[in-house]
Amino acid sequence: MTVNELARKLKVAPDTVRYYTRIGLLQPRKSADNGYRHYSERDETRLRFASRAKLLGFTLRDIQQMLEHADSGESPCPLVRSLIVQRVDEMREQLREAQALFERMESALEQWDEMPDQAPCGDMICHLIESWSPAGENAAAVIRPKNENGFDDHNREPQA
């Protein structure tokens, strides 16, 4: 199969096939006649596997590790299980953080509902944000801790 034939067959972009080839996930043979890459059933299987793994949240690095295990005759299943447990834990935390953010945003909307707009003055930039206080929380609890690089994990900007 050519790039376009493989891409069409598995309903992916041809650029995806090319990229996966460039990083070594797919290993087509080159035609001596015209230099075109020809993909085998093995490449099709690997691309289908990578597409499914991506849908489950695995990264290309994860997928490369899984394929390396399989290529060496080892079962990638223990690695897959370990990685998905890690991803589920990360997703749970992201959902908790997103829910907390959503609740803060709704709280702000409620507090701002009856407040008029105001021009900035020497003491305030936007009185809506500066007058907002989290319901039932102190403001310090809303500020996220820095990670080891000094960045807030939510927006990757340095915190004061």
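See the structure shown above.
Residues numbered from 1 in each chain as written. Predicted model: local features only at pLDDT ≥ 70, side-chain atom pairs only at ≥ 80, totals over all residues. Heavy atoms only, no water.

Enquirer: If you had to explain the overall build of the protein chain to someone new, which residues and values would you point to?
Expert: Assigned secondary structure in the protein chain consists of seven helices and two strands. Tracing the protein chain from N to C terminus, the helices and strands come up as α-α-β-β-α-α-α-α-α. Per-residue burial over the protein chain gives 24% buried out of 160 residues. Pairs at least 24 residues apart make up 35% of the contacts formed inside the protein chain by residues separated by at least 6 positions. (Helix = DSSP H or I, 4+ residues; strand = E, 2+ residues; numbered from the N terminus. Buried < 20%, exposed > 50% of the residue type's maximum accessible area, 1.4 Å probe, protein only. Contact = heavy atoms within 4.5 Å.)

Enquirer: Could you give me a rundown of the packing of helix α3 (residues 41-55) against helix α4 (residues 60-71), with the residues and numbers involved?
Expert: The geometry of α3 relative to α4 is characterised by a closest axis approach of 10 Å and an angle of 135 degrees between their N-to-C directions. With respect to α4, the axis of α3 lies oblique. Like other packed secondary-structure pairs, α3 and α4 cross with a definite hand, here right-handed. The segment α3 lies against α4, with Arg42, Arg46, Phe49, Ala50, Ala53 and Lys54 engaging Leu60, Ile63, Met66, Leu67 and Asp71. (Axes fitted to C-alpha atoms, helices over the stretch in contact; angles between N-to-C directions. Parallel < 35°, antiparallel > 145°, perpendicular 65-115°, else oblique. Left-handed = near helix turned anticlockwise from the far one by under 90°.)

Enquirer: Pulling in residues and values, what's your account of the pattern of salt bridges?
Expert: The final tally for this structure, using the stated rule, is nine salt bridges. One salt bridge connects Glu44 with Lys9, and the closest N-O pair in it is separated by 3.1 Å. With Glu44 in helix α3 and Lys9 in helix α1 (residues 3-10), this residue pair connects regions lying 35 residues apart in the sequence. For Arg87, the salt bridge is made with Glu90, and the minimal N-O distance between the two is 3.9 Å. Here Arg87 and its partner Glu90 are both found in helix α5 (residues 77-112), three residues apart, which amounts to about one turn of the helix. Within this structure, Lys9, Glu44 and Arg48 form a network of salt bridges that share partners. (Salt bridge = Lys/Arg side-chain N within 4 Å of Asp/Glu carboxyl O.)

Enquirer: Tell me about the packing of aromatic side chains, and name the residues and values.
Expert: Across all of its chains, the model carries one aromatic pair by this definition. Seen from their ring centres, Tyr19 and Tyr20 are 6.4 Å apart, and the 55 degrees between their planes marks the pair as tilted. When its relative accessible area of 7% is taken as the criterion, Tyr20 is described as buried. (Phe/Tyr/Trp six-rings, centres within 6.5 Å; stacked < 30°, edge-to-face > 60°.)

Enquirer: Residue-level account of α5, with values.
Expert: The end-to-end C-alpha distance of α5, which contains 36 residues, comes to 52 Å, matching closely the 52 Å that a straight helix rising 1.5 Å per residue would cover. Those residues of α5 lying buried are Leu79, Leu83, Arg87, Arg104, Ser107 and Ala108. (Expected span 1.5 Å × (residues − 1).)

Enquirer: Lay out the nonpolar core with the relevant residues and their values.
Expert: Judged by nonpolar contacts, the single largest core of 20 residues is most densely connected at Leu6, Val17, Tyr20, Leu26, Leu47 and Ile63. Those elements that provide at least two residues to this core are α1, α2 (14-22), α3, α4 and α5. (Core = buried A, V, L, I, M, F, W, Y, C linked by side-chain atoms within 4.5 Å.)

Enquirer: Outline α1, supporting the account with residue identities and numerical values.
Expert: Among all positions in α1, only Val3, Leu6, Ala7 and Leu10 are buried. Here the buried residues of α1 occupy an arc of 100 degrees about the axis, which is enough to place them on one side. Against α2, β2 (37-38) and α3 lie the buried residues of α1. One or two steps after α1, the chain reaches Lys11, where phi turns positive at roughly 55 degrees. (Arc of directions from axis to C-beta.)

Enquirer: Just give me the short version of a negative patch on the surface, but keep the residues and values in it.
Expert: Taken together, Glu103, Glu106, Glu110, Asp113 and Glu114 make up a surface patch of like negative charges. Summarising the element assignment, Glu110 is placed in helix α5. (Patch = residues over 30% accessible without salt bridge, like charges linked within 9 Å, V, L, I, M, F, W, Y side chains within 5 Å. Areas by Shrake-Rupley, 256 points an atom, 1.4 Å probe, with all protein chains shown as cover. Lys, Arg positive; Asp, Glu negative; His and termini not counted. Charge placed at Lys NZ, Arg CZ, Asp CG, Glu CD.)

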